[in-house]
Each structure stands twice: as C-alpha cells, then as structure tokens.
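Fold and contact review
Listed below are the residues making up each chain.
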Amino acid sequence: MKNTLHKSLLFFLLILVFSCKEETKNEEKETAIKSAVSENYNISILVDLSDRISTKKNPNPTMEFYQRDLGYIKSVSEAFSQHLKTKRMRQIDDKMQLFFNPEPENPEINSIANQLRITVNKDNASKKLLNSISDTYAAKTTTIYESAIKDDNYVGSDIWNFFDSKVTDQCIEKGYRNILVILTDGYIFYEGSQIKNSSLSNYLTPQLIKQNGLNTNDWKKKIEKENFGFIKSDHDLSNLEVLVLGINPSKNNPFEEKVIKAYWTKWLSEMNVKHFEIKNADLPSNMDKIIKDFILNK
C-alpha cells in the first residue's frame, strides 16, 4: 500500500515538473513572438536606376532586370504589410520609403517616390490601408521603372555617396528596426564622382576589377595582400540591416561575382553592419522567401 502511494506521489510530482517546464517554454516563446511583433520597422529601398535596367543594353530573355526589381519590391512591401497585420492597431508605428541616388531628372519619378514614403501609425492604420500598401507600391514602382527606361537617360549609381552622406539621416531611426534593401547589380559608378585612394575606391566597375588584376584564380589573396576595396566610411551602422539584391556580374570574368561580394562584404563589415545578405539577380519567385525571411525573421 505504501509503495503504491509513493509511486503515485512520484508520478504526480514528475507530471507537475514537466508541466511547469512546458509552461515556462510556452511563456518564453509567446514573449519572444510578442516582442518581435511589437517591434517597429523602418524599411528603406534604395533603387539603382543606372543602365543596368536598360532593356536595350542589358536584355534578358528569361525576365528583364527591371521586372526582377519590381518582383523584389513586391516581396518587400508584402513583408511590410504582413508585419503590420501581426500587430495590434495601437502598437503600429512603422515606416517604408524609397530612395534614389542621384535623384532622376524626371520630376514625375521623384514625385511618385515621395508618394511611396509611407508612415503607418495608430492614427491612420486601417485594414483598407494595410491591404492597399503592396498594390500601391507595385503600381507606382512600375511607373517609375517604365518612365526611367522610356527616358533612356541613365546617370549611373552613386550608392557609395548615399552611404557616406545620407544613410544615417534618411534610413536610421532610433527605436526602430532599420532595414535597407538595395536593388543593384553590385557595380557602383557615378560620372564625375570617382575617388581613388591607393588600392581603395568609391566605385566598382568591370574595368576596375580587371585593372586591379582580380580576374585570376588568386583574386582573394590579391584583395587581402593589396587591400583592395571600397573607401571606408566612418559611420557606425550597427543599427542598420542591409539586404542587397540583384548582383549581376560580368560574364567575362569567372571570379567577378566573388570579387563584387567581397568588396561589399568588407565595406558593410567595416561600417559595423551586423546583419546583411548579398544575393544575385535571381527570379522573384525564387527570391520571395529569402526576402521575407530576412525582413520577418530576424
């Protein structure tokens, strides 16, 4: 009788211990989810409107590069909307905006870009607004790209200068999770703004890669030995996450992709960007999960 009582008591205690552990795990999980959901997002999209999007100079029979960009933007806007929908209305205080550098000369493009600076908070949040964000971004960014291609006046891409003089003011807000999505082929060039300091530069072109002798099997050793890379910026961007999409290396150099990613990786690391990814110009259907995982699963 005593043995039976002891066994029953022991069994009860074991169930109690396991139940407590399970409840603790569930509470921790719920706390983590609530914390992630209530986090305020500040998402910026930096678009490279250089001749990389030209359907004449860089045609692609599978899918034009500007159409890939539009697919990536759609995934970003859907992730933003999905994030908003997981929050209570009174918790919402999130932002999304689109930038160029330099700004296009076409005033219509700049006007549309201003319309894409969206702030959603408890005062204007509604189901109608949340459901419209993705469609709004899709329609207006399509107009931007089509106008740029029609103008056929590509001024280049000064991404380096954007980081050097604008990113801290325009893409980083205190109290937010700051995410910068960059749509580029990985090359950086702006006419009249090239700076070279020994082995470092503020631009990157196929010609420079070849000139630096980074088109051979020992490209990595050469980069490390001769310290090739972008000119370092003094900014501390530890409160910024960066997702680079659309890397499209020249086919003339089998090591071009690795060199481009090495330049970007070194540069972002030097600016203390803790969380970043650099992805090729794949089809939007293949990139959708990658983009949403980056934005929604920190």
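All of these numbers come straight from a predicted model, not from anything done at the bench.

Turning next to the sheet that holds strand 10 (residues 240-247). Strand order in this open sheet of six strands is 3-2-1-5-10-11, and the pairing throughout is mixed. Either end of the sheet is taken by a strand with one partner, and the two such strands are strand 3 (118-121) and strand 11 (276-280). Neighbour-to-neighbour, the strand axes of this sheet turn through a mean angle of 10°, independent of strand direction. Sheet analysis places strand 2 (residues 93-100) next to strand 3, joined by four bridges and oriented antiparallel. Of the residues in strand 3, the one forming a bridge with Met-96 is Ile-118. Relative to strand 2, helix 2 (residues 65-85) is tilted by about 165°, and along the sheet it contacts strand 1 (41-47), strand 2, strand 3, strand 5 (177-183), strand 10 and strand 11.

Spatially, 7-8-9 is the arrangement adopted by the three strands of the open sheet, whose pairing is mixed. The strands lining the two open edges of the sheet, one partner per strand, are strand 7 (196-197) and strand 9 (229-230). Relative to strand 8 (residues 200-201), strand 7 runs antiparallel, the two being bridged by two bridges. Along strand 8, the bridge assignment pairs Lys-196 with Ser-201.

Below, the discussion takes up the nonpolar core. When a protein is soluble and globular, its nonpolar side chains tend to lie buried together. If you look at the biggest cluster of nonpolar residues, it comprises 44 residues, and the most contacted ones within it are Ile-45, Leu-98, Val-120, Tyr-137, Tyr-145, Leu-183 and Ile-295. Ranked by residues supplied to this core, first place goes to helix 2 with nine residues. Those residues in contact with Ile-45, other than ones at most four positions away along the chain, are Ile-73, Val-76, Gln-97, Leu-98, Phe-99, Tyr-137, Val-181 and Leu-183. In terms of nonpolar packing, the next biggest core, distinct from the first, is built from 38 residues, Phe-230, Leu-237, Val-259 and Trp-264 among them.

Further remarks concern the pattern of salt bridges. Where charged atoms of side chains with opposite charge meet at close range, the side chains can pair. The final tally for this structure, using the stated rule, is 15 salt bridges. Where Asp-123 meets Lys-122, a salt bridge forms, and the shortest distance between an N and an O atom there is 3.7 Å. Each member of the salt-bridge network shares a partner with another, and the members are Lys-74, Glu-78, Asp-288 and Lys-292.

Let us now look at empty space enclosed by the protein. In this structure the tally under the stated criterion is two cavities of 30 Å³ or more. Computed from the structure, the largest cavity encloses a volume of approximately 40 Å³. In terms of lining residues, the largest cavity is bounded by Arg-52, Phe-65, Arg-68, Asp-69, Tyr-72, Asp-185, Gly-246, Asn-248 and Ala-281. Looking at the lining of the largest cavity, the element that brings in the most residues is helix 2, giving four residues.

Further remarks concern the environment of Ile-172. Tracing the chain through its elements places Ile-172 in the loop between helix 6 (167-171) and strand 5. Apart from residues lying up to four places away in sequence, Ile-172 is in contact with Asn-42, Val-167, Asn-178, Leu-237, Asn-239 and Leu-240.

The omega torsion of the bond from Asn-101 to Pro-102 falls at 5°, within 30 degrees of zero and hence cis. For Pro-102, the location among the structural elements is in the loop between strand 2 and helix 3 (107-115). Positive phi outside glycine occurs at Ser-198, with the angle close to 60°. With respect to the helices, strands and loops of the structure, Ser-198 is situated in the loop between strand 7 and strand 8. The class of Ser-198 is exposed, set by a relative accessible area of 65%. Of note, Asn-227 is a non-glycine position whose phi angle comes to about 60°, a positive value. Considering the arrangement of structural elements, one finds Asn-227 in the loop between helix 8 (219-226) and strand 9. Among the residues examined, Asn-227 registers a relative accessible area of 37% and is labelled partly exposed.

Each value, and the rule that gives it
Within each chain, residues carry numbers counting from 1 in the order of the written sequence. The model is predicted, so local features are restricted to residues of pLDDT at least 70 and side-chain atom pairs to those at 80 or more, both for listing and for counting; the totals for chains, interfaces and linings are taken over all residues. Neither water nor hydrogens contribute to the side-chain values; these are computed over all heavy atoms in the structure. At least two DSSP bridges between two strands are needed for those strands to be called paired. Secondary structure elements follow DSSP: runs of H or I of four or more residues count as helices, runs of E of two or more count as strands, with numbering from the N terminus. For helices, the fitted axis covers only the stretch in contact; all axes are lines through C-alpha atoms, and the angles between them, taken along N-to-C directions, range from 0 to 180 degrees. Note on contacts: a residue pair is in contact if any heavy atoms of the two residues lie within 4.5 Å. Only buried residues count toward a nonpolar core. Its members are Ala, Val, Leu, Ile, Met, Phe, Trp, Tyr and Cys residues joined through side-chain atoms within 4.5 Å. Burial here depends on accessible area, computed with a 1.4 Å probe over protein chains only, as a share of the maximum for the residue type. Under 20% is buried, over 50% is exposed, and the range in between is partly exposed. A pairing counts as a salt bridge when a side-chain nitrogen of Lys or Arg comes within 4 Å of a carboxyl oxygen of Asp or Glu. Throughout, the protein atoms alone are placed on a 1 Å grid, and a set of points is a cavity if a 1.4 Å probe fits but cannot get out or a pocket if it is open with protein on both sides within 12 Å along at least five of seven lines; lining residues have an atom within 4 Å of a point. Grid points are joined across faces, edges and corners, and a volume is the space filled by probe spheres set on the points.

The values reported here are purely geometric and, on their own, carry no functional implication.
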